[in-house]
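# Close look at the chain arrangement
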Amino acid sequence: MEQLSTLDSFLPRDLISEILLRLPAKSVAKFRCVSKLWLSITTDPCFIKSFGTTRPSLLLCSIQGHNMFVTPSIRSYSSSQPIYPYPMKVLGEHCYFPHMDSVRGLICIVDVDSLKPLVWNPTTGQLLVLPKPKLSSRHMNVFLGYDPVEGKHKVACFPQRKTCYVCRVFTLGSGQESWRTVKTNIEHSVAVASGRCIKGVIYYLAFKSQGSDAVVMSFDVRSEIFHMIELPSSIHWDSLITYEGRLACIDANNDKRLWSLEDATDKHKWSFQDFLSPLYKMFELQGSTHAGEFIYVPFNKSPYIELYDPVGNSWRRLEFEGLEFEGISDDEFGHTRAFTNHTESLMPL
């Protein structure tokens, strides 16, 4: 540590910051005790905002009862990957991960019993329990978003299976421990839907208030304005993913066709890409990695996932190891949730 502290005398602050940004989160946390300068750099909001954004990884998690299981962050996809019990107990016995990606290092969890959303930082291990939102339904849909301008996360809650006139929004780090009401003039209903946050906009599947036509709703995290986006075709309801940085979904009439939202502005332009192999399998498509591989998770509690490379038209399996060594039975291991482009975050909760 003494040798590291001497770097303060001949290295400029900006260079030290650039070096620290390239290190793993655990190393950065240890180096905070090197000197007051390093502590100041690594706790600066600008440093925390920039940290981890260039090193996306695959994170696999499972919740069963009070127990959570998680793999280490995966950046190189070998044929097997160890998995171990995460040293944390979730609050309720009926918690689940919403159909959302990891958003700037944070992940949402819903406690069905208390109806309280939870925000989890896998890097620091912190878990923030939010107050129960006031909704017109006992069941709710929870979406996590990020405002890239203000550098703040927002949690949006919608009543399930009821026409939405308003949603409840909670801003993390605002100093106000309460939900706000955000009105929308676009009536729609949200079923058990998947959502994605892309470039400061939350996209989620919904139904028009009149009829059963499916649409995509967008919610700008910063302006808190809603828009309705017509779908280009009938789609598989559970196939809303992020692919190559854009919103994408699988055509229900052509399993080899993937639609992508090319223009998310007022034009709402879609384009499609056809693949050699069907994308809709007897597995749940949970997204694609930064390398362009699709991630498929079995609907049962099988301890493995499938990866599909659309360029090479090849499949491979990633299996979890160490379950027997850790004393984990199949009944204790829940359904796997794949967070395909997770980044480490030093954000305190």
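Residues numbered from 1 in each chain as written. Predicted model: local features only at pLDDT ≥ 70, side-chain atom pairs only at ≥ 80, totals over all residues. Heavy atoms only, no water.

## Describing helix 2 (residues 13–21)
Stated precisely, the cut-off is as follows: Note on exposure labels: buried denotes an accessible area under 20% of the residue type's maximum, exposed denotes more than 50%, and partly exposed covers the range between, all computed with a 1.4 Å probe on protein chains only. Under the DSSP-based scheme used, a helix requires at least four consecutive residues in state H or I and a strand at least two consecutive residues in state E, with every element numbered from the N terminus. The reported arc concerns the directions from the helix axis to the C-beta atoms and nothing else. We call two residues in contact when some of their heavy atoms are within 4.5 Å.
Within helix 2, the full set of buried residues consists of I16, S17, L20 and L21. Seen end-on, helix 2 carries its buried residues on one side only, within an arc spanning 135°. The inward-facing, buried residues of helix 2 abut helix 3 (25–31), helix 4 (36–42) and helix 5 (45–50).

## Quick word on the UniProt feature "domain: F-box" (unreviewed entry) in the protein
Short version of the rule: UniProt positions are given in the numbering used here, feature names are shortened, and annotations may be inferred rather than shown by experiment.
Here the UniProt feature "domain: F-box" (unreviewed entry) sits at residues 11–50. Taken end to end, residues 11–50 is 72% helix and 0% strand, and its two terminal C-alpha atoms sit 20 Å from one another.

## Section: the sheet that holds strand 6 (residues 107–111)
Under the convention used in this document: Should DSSP find at least two bridges between two strands, the strands are taken to pair.
The sheet built from 4 strands is open, its strands ordered 5-6-7-8 with antiparallel pairing. At either margin of the open sheet sits one strand with a lone partner, and together these are strand 5 (95–96) and strand 8 (126–129). Across 4 bridges, the pairing between strand 7 (residues 116–121) and strand 8 is antiparallel. Across the sheet, N121 pairs through a bridge with Q126, a residue of strand 8.

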